[in-house]
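Secondary and tertiary structure notes
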Amino acid sequence: DTPWNGWQVDAIAFRDVDGSGRLSPIVIAEYMTGIGPTGSQPFVFVSVFTWNGKKFARAPAIEKTLDGAKDAAEVFRRLDALKK
């Protein structure tokens with residue numbers, strides 16, 4: 001659902017991101033933008049998935065708070081700050 005090309009997966013972690021008591025998969029991956037003036041620019045995107053009772057679904061509100069995080073340590077710091 002994005003115009004990006006996956007480049008590499010840097011880390012996969014599991015944390016309770018929504019207070020449900022269940023561990024949610026967190027994928028930290030590098031992508032490459034498409035073509036055009038800003039094409040071929042690598043960037044990191046953090047995908048977060050929560051269980052909705054039937055399947056894993058993306059959690060865009062949580063992903064937004066993690067926007068710009070470059071590594072697992074930063075992702076964990078931001079998630080811990082959400083709990084405070």
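Look up: the structure comes first, before these words.
A few points on the structure.

1. Quick notes on the packing of aromatic side chains
What the rule picks out here adds up to 3 aromatic pairs. Judged by centre distance (5.1 Å) and plane angle (70°), the ring pair of Trp 51 and Phe 56 falls under edge-to-face. A cation over an aromatic ring shows up here: Arg 15 above the ring of Phe 76, its NZ or CZ 4.0 Å from the ring centre.

2. Examining the pattern of salt bridges
On inspection of all chains with the given rule, the structure shows 3 salt bridges. The partner of Glu 63 in a salt bridge is Arg 58, and the shortest N-O contact between them spans 2.8 Å. Notably, a salt bridge pairs Arg 78 with Glu 74, separated by 2.7 Å at the nearest N-O pair. Here Arg 78 pairs with Glu 74, and both are found in helix α2 (residues 72–83), just 4 residues apart, close to one helical turn.

3. Some words on the pairing of strand β2 (residues 24–32)
Here β2 lies mainly inside the structure; 7 of its 9 residues are buried. Here 9 bridges tie strand β1 (residues 5–15) to β2, and the two strands are oriented antiparallel to one another. Each bridged residue has a counterpart across the sheet, and for Asn 5 the counterpart in β2 is Met 32. Sheet topology places β2 next to strand β3 (residues 42–51); 7 bridges connect them, and they run antiparallel. Across the sheet, residue Met 32 finds its bridge partner in β3, namely Pro 42.

4. Let's talk about the nonpolar core
By size, the foremost hydrophobic cluster in this structure holds 12 residues: Val 17, Ile 26, Ile 28, Val 44, Val 46, Val 48, Ala 59, Ile 62, Leu 66, Ala 69, Val 75 and Leu 79. Elements that contribute at least two residues to this core include exactly β2, β3 and α2. Tallying contributions element by element places β3 first for this core, with 3 residues.

5. What to know about the environment of Ser 47
Among the structural elements, Ser 47 can be located in strand β3. According to the relative accessible area criterion, Ser 47 is buried, its value standing at 7%. The contact partners of Ser 47, leaving out residues within four places of it in the chain, are Pro 25, Ile 26, Val 27, Tyr 31 and Glu 63.

6. Concerning the pairing of β3
In this sheet, strand β4 (residues 56–58) lies alongside β3 in antiparallel orientation, the contact comprising 3 bridges. Paired with Trp 51 across the bridge in β4 is Phe 56. In this antiparallel pair of consecutive strands, β3 and β4, the connection spans 4 residues, and Gly 53 shows a positive phi of 100°.

Rules used in this analysis
Residues numbered from 1 in each chain as written. Predicted model: local features only at pLDDT ≥ 70, side-chain atom pairs only at ≥ 80, totals over all residues. Heavy atoms only, no water. Phe/Tyr/Trp six-rings, centres within 6.5 Å; stacked < 30°, edge-to-face > 60°. Lys NZ or Arg CZ within 6 Å of the ring centre and 35° of its normal. Salt bridge = Lys/Arg side-chain N within 4 Å of Asp/Glu carboxyl O. Helix = DSSP H or I, 4+ residues; strand = E, 2+ residues; numbered from the N terminus. Buried < 20%, exposed > 50% of the residue type's maximum accessible area, 1.4 Å probe, protein only. Pairing = 2+ DSSP bridges. Core = buried A, V, L, I, M, F, W, Y, C linked by side-chain atoms within 4.5 Å. Contact = heavy atoms within 4.5 Å.

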